[in-house]
Amino acid sequence: MSFTTREGVVVTAHCTSHLADPADSYGRDVTVNYTPADPADFTLDRAAEQRSQRQDVTFNVLAVVVLATTAVAGAVLL
C-alpha cells in the first residue's frame, strides 16, 4: 500500500494484516494512523472503515425506500 502523509512524505509499504479483501483493495481509501517520526510504522484504522461501510448501507437502504415509495405512488396515480 502507499499513502502520503500530511507532511507530504510518500510512504510505500507491504501490508498484509488488517486489510479486508486485499485482492480487491486497489484504489480504496482507508484511514492510516502513523507516527510522524517514522511513517513506515503505521496501523490501519478499522473503526473508520466500519463507519464508512455503515454509512454506505444507510444510504443504500434510504435509496431503496425512496424508489419503492415512488413506485407505489406511481402505481396509485395510474
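Residues numbered from 1 in each chain as written. Predicted model: local features only at pLDDT ≥ 70, side-chain atom pairs only at ≥ 80, totals over all residues. Heavy atoms only, no water.

A word on the overall build of the protein. Looking only at helices and strands, one finds one helix and four strands in the protein. If you list the helices and strands of the protein from N to C, you get β-β-β-β-α. When the 78 residues of the protein are sorted by exposure, 17% land in the buried category. Sequence separation of at least 24 residues holds for 41% of the intrachain contacts in the protein that already meet a minimum separation of 6. (Helix = DSSP H or I, 4+ residues; strand = E, 2+ residues; numbered from the N terminus. Buried < 20%, exposed > 50% of the residue type's maximum accessible area, 1.4 Å probe, protein only. Contact = heavy atoms within 4.5 Å.)

Turning to a nonpolar patch on the surface, a few remarks are in order. A cluster of nonpolar side chains, namely Val57, Val61 and Val65, defines an oily patch on the protein surface of about 250 Å² accessible area. Along the chain, Val61 falls in helix 1 (residues 46-77). (Patch = residues over 30% accessible without salt bridge, like charges linked within 9 Å, V, L, I, M, F, W, Y side chains within 5 Å. Areas by Shrake-Rupley, 256 points an atom, 1.4 Å probe, with all protein chains shown as cover. Salt bridge = Lys/Arg side-chain N within 4 Å of Asp/Glu carboxyl O.)

The subject of this paragraph is the environment of Arg6. Looking at the secondary structure, you find Arg6 in the loop between strand 1 (2-4) and strand 2 (10-12). Linking Arg6 and Pro36, residues 30 residues apart in sequence, is a C-alpha distance of 9.2 Å.

Now for the pairing of strand 4 (residues 38-44). Examined bridge by bridge, strand 3 (residues 32-35) and strand 4 share four bridges and lie antiparallel to one another. Among the inter-strand pairings, Asn33 is bridged to a residue of strand 4, identified as Thr43. Hairpin connection between strand 3 and strand 4: a loop of two residues separates the two successive antiparallel strands. (Pairing = 2+ DSSP bridges.)

What follows concerns the environment of Asp29. Tracing the sequence through the fold places Asp29 in the loop between strand 2 and strand 3. Under the relative-accessibility criterion, Asp29 is labelled exposed at 75%. Spatially, the C-alpha atom of Asp29 lies 9.6 Å from that of Phe3, the residues being 26 residues apart in sequence.

Of all hydrophobic cores here, the largest spans seven residues; its members are Phe3, Val11, Ala13, Cys15, Val32, Phe42 and Leu44. Excluding its chain neighbours within four sequence positions, the residues that come into contact with Phe3 are Val9, Val10, Val11, Val32, Tyr34, Pro39 and Phe42. (Core = buried A, V, L, I, M, F, W, Y, C linked by side-chain atoms within 4.5 Å.)

On to the confidence of the model for the protein, then. Residues shown with low pLDDT carry predicted positions that ought not to be read at fine detail. With 74% of its residues at a pLDDT of 70 or more, the protein shows a mean pLDDT of 78. Of all secondary-structure elements in the protein, the lowest mean pLDDT belongs to strand 4, at 74, while helix 1 reaches the highest, 84. (pLDDT = per-residue confidence, 0-100.)

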